[in-house]
Amino acid sequence: MDYQRIAASAGLLSAALILVLIVVTFAGGAPPALDDPAQKVLNYYKDNRSLSLFGGAIGFILLGLIPVFFLGVYALLRDALAPNIQVWPRLSLVALIVTGAFVGVQGSAAIA
């Protein structure tokens, strides 16, 4: 399977998962306001724990698919100019950067 098919598959799967993520985001109803009591906020997140975990898992999967899609598009455009450059080392670098950013944001959110 060449990178064009991999990139196309990753793009289609990413689009489908983003739609699922949008549905999951709004399935829990409106979150409590900032000035609501802490118990109401806690109850909201306890009631919607599964949706939050499912949404986080989808986001984690998208971290791998979206860079593959964009690097596939990059490789497709690049092949018109320089067909001998490899795309997979760049994919590894982009995936490392995106994953590092995600871990940093998750760590910051966990501390706050």
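Residues numbered from 1 in each chain as written. Predicted model: local features only at pLDDT ≥ 70, side-chain atom pairs only at ≥ 80, totals over all residues. Heavy atoms only, no water.

1. Observations regarding the overall build of the protein chain
Moving on, step 1. Assigned secondary structure in the protein chain consists of 4 helices and 0 strands.
Moving on, step 2. Each helix (α) and strand (β) of the protein chain, taken in turn from the N terminus, gives the series α-α-α-α.
Moving on, step 3. Going through the 112 residues of the protein chain one by one, you find that 21% of them count as buried.
Moving on, step 4. For the protein chain, contacts bridging at least 24 residues in sequence account for 67% of all contacts bridging at least 6.
Moving on, step 5. Only carbon and sulfur atoms are counted for the fraction: they give 73% of the accessible area of the protein chain, which is about 8000 Å². (Helix = DSSP H or I, 4+ residues; strand = E, 2+ residues; numbered from the N terminus. Buried < 20%, exposed > 50% of the residue type's maximum accessible area, 1.4 Å probe, protein only. Contact = heavy atoms within 4.5 Å. Areas by Shrake-Rupley, 256 points an atom, 1.4 Å probe, with all protein chains shown as cover.)

2. Quick look at helix H3 (residues 49-79)
Moving on, step 1. Over its 31 residues, H3 runs 45 Å from end to end, which matches the ideal 45 Å to within 8%, given 1.5 Å per residue.
Moving on, step 2. Taken as a whole, H3 carries its principal kink of about 30° at Leu62. (Expected span 1.5 Å × (residues − 1). Bend = angle between axes of the 7 residues up to and from the residue.)

3. Examining the confidence of the model for the protein chain
Moving on, step 1. When pLDDT is averaged across the protein chain, the result is 77; 83% of the residues are at 70 or more.
Moving on, step 2. Mean pLDDT values over the elements of the protein chain span from 71, in helix H4 (residues 88-111), up to 87, in helix H2 (residues 38-47). (pLDDT = per-residue confidence, 0-100.)

4. Here's the deal with a nonpolar patch on the surface
Moving on, step 1. A grouping of Ile18, Leu19, Ile22 and Phe26 is seen on the molecular surface, where their side chains present a nonpolar patch of about 420 Å² in accessible area.
Moving on, step 2. Tracing the backbone through its elements, the reader meets Ile22 in helix H1 (residues 3-27). (Patch = residues over 30% accessible without salt bridge, like charges linked within 9 Å, V, L, I, M, F, W, Y side chains within 5 Å. Salt bridge = Lys/Arg side-chain N within 4 Å of Asp/Glu carboxyl O.)

5. Quick notes on the nonpolar core
Moving on, step 1. Among the nonpolar cores identified, the biggest contains 8 residues, and these are Ala10, Leu17, Ile58, Leu62, Leu65, Val68, Leu71 and Leu91.
Moving on, step 2. Sorting the residues of this core by element identifies H1 and H3 as the ones contributing at least two each.
Moving on, step 3. At 5 residues, the largest contribution of residues to this core is made by H3.
Moving on, step 4. Apart from the residues lying within four places of it in its own chain, the contact partners of Leu17 are Ile58, Ile61, Leu62 and Leu65. (Core = buried A, V, L, I, M, F, W, Y, C linked by side-chain atoms within 4.5 Å.)

6. Focus: the packing of aromatic side chains
Moving on, step 1. Within this structure, the stated rule accounts for 1 aromatic pair.
Moving on, step 2. Taking 5.1 Å as the distance between ring centres and 85° as the angle between the ring planes, the aromatic pair formed by Tyr44 and Tyr45 counts as edge-to-face. (Phe/Tyr/Trp six-rings, centres within 6.5 Å; stacked < 30°, edge-to-face > 60°.)

7. As for the environment of Ile66
Moving on, step 1. You can see Ile66 is positioned in helix H3.
Moving on, step 2. For Ile66, a relative accessible area of 28% corresponds to the partly exposed category.
Moving on, step 3. Separated by 52 residues in sequence, Ile66 and Ser14 have C-alpha atoms that sit 6.4 Å apart.
Moving on, step 4. Contacts of Ile66, omitting those with residues within four sequence positions, involve Ser14 and Ile18.

8. Quick look at the pattern of salt bridges
Moving on, step 1. In the structure shown here, the tally under the stated rule is 1 salt bridge.
Moving on, step 2. In this structure, the salt-bridge partner of Asp36 is Lys40, at a minimum N-O distance of 3.5 Å.

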